[in-house]
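So the chains spell out like this:
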Amino acid sequence: MTRGALALVGSGEYTGSMLEIESELLNVGVKKGKSPTYVQFATAAGKEPKDRIEYWKNLGREQAQKIRCDWKFIEVFDLNDALNPKWIEAIRDSALIYFSGGNPIHLYESLRDTKLWLAIKEEFRTGTSLAGCSAGAMVLGDLIAMPFKNFGRGITGLGLVEELVVLPHYDKYFARIPSVLQRLMLPGGKKHRVIGIDENTALVNDGNWKVYGRSGVHQVSSEAPKSFSTSDYFDLDLKIRI
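Conventions we followed
- Residues numbered from 1 in each chain as written.
- Predicted model: local features only at pLDDT ≥ 70, side-chain atom pairs only at ≥ 80, totals over all residues.
- Heavy atoms only, no water.
- Helix = DSSP H or I, 4+ residues; strand = E, 2+ residues; numbered from the N terminus.
- Contact = heavy atoms within 4.5 Å.
- Axes fitted to C-alpha atoms, helices over the stretch in contact; angles between N-to-C directions.
- Parallel < 35°, antiparallel > 145°, perpendicular 65-115°, else oblique.
- Nonpolar A, V, L, I, M, F, W, Y, C, P; charged D, E, K, R; others polar.
- Phe/Tyr/Trp six-rings, centres within 6.5 Å; stacked < 30°, edge-to-face > 60°.
- Buried < 20%, exposed > 50% of the residue type's maximum accessible area, 1.4 Å probe, protein only.

Asker: Lay out the side chain of T43 with the relevant residues and their values.
Answerer: Tracing the backbone shows T43 in the loop between β2 (35-41) and α2 (50-67). Leave out the neighbours within four places in its chain, and T43 touches V76, F77, H106, L107 and S110.

Asker: Just give me the short version of the packing of helix α1 (residues 19-31) against α2, but keep the residues and values in it.
Answerer: Look at α1 against α2: their axes get within 10 Å of each other, and the N-to-C directions meet at 70°. Judged by the inter-axis angle, α1 sits roughly perpendicular to α2. On α2, the residues touching L19, E22, S23 and L26 of α1 are Q63, K66 and I67. Class assignment of the residues belonging to the contact of α1 with α2 gives a composition of three nonpolar, two polar and two charged.

Asker: Describe in detail the packing of aromatic side chains, supporting the description with residues and values.
Answerer: Following the criterion strictly, the structure yields nine aromatic pairs and no others. Between Y14 and Y38 the ring centres are 6.2 Å apart and the planes differ by 55°, which places this aromatic pair in the tilted class. Here Y14 is found in the loop between β1 (6-9) and α1, whereas its partner Y38 is found in strand β2, with 24 residues between them in sequence. Relative accessible area serves as the criterion here: at 2%, Y14 is assigned to the buried category. Members of the aromatic cluster, each reached through a chain of ring pairs, are Y14, Y38, Y55, W56 and Y98.

Asker: Can you tell me about the environment of L83, naming the residues and giving the values?
Answerer: Turning to its location among the elements, L83 is positioned in the loop between α3 (79-82) and α4 (86-91). In sequence terms L83 and S110 are 27 residues apart; their C-alpha atoms lie 9.0 Å from each other.

Here it is in structure tokens:
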């Protein structure tokens, strides 16, 4: 399979808890012929103050230094930035493209229907690993859940993973909510699969879905919720559109 690895991360991008996983994601891209370059998008934080943008930028730079690879910070903070064709060339042939956290709706509105998003998918199709953490993971599914703002309904996502709804920070925000109430709060019904990803944990596909990190991944959109621990293969059929 030419396609790169895909990682959906609950939290912890660019930190020590994700260092091993992010290094491996980059290595997957390198093994598939891509250059050892770590490409960082902080687009989801585009509405945050400049000091927060610098915070994410510094974290990404330091992580790339620890991995000992090249690093690029992509200054796409809104739709207008995303329409600049120079960013398409900037991401070309990189081994890892990473969307960090922030506002998933802003990230979606910045990338939807753009040539940049098409270029990102083409890099992924040809071997680049693609990762999204928190908001970055949420936007890659068909629907973005906003359970505390938009009760029981979702907002359209970028749709890279078919029928998927991602709940990041699951152990922090959702785990104590009874499953019956969760199903009322969340979108999708039988059509969509709602997956909770704990903090400092990733669900990774490199041919098969597998759990990595400190905690677990949870199927929450069924009458019989199921959890998967680190090193478990995730046996639900989540299809990647590529």
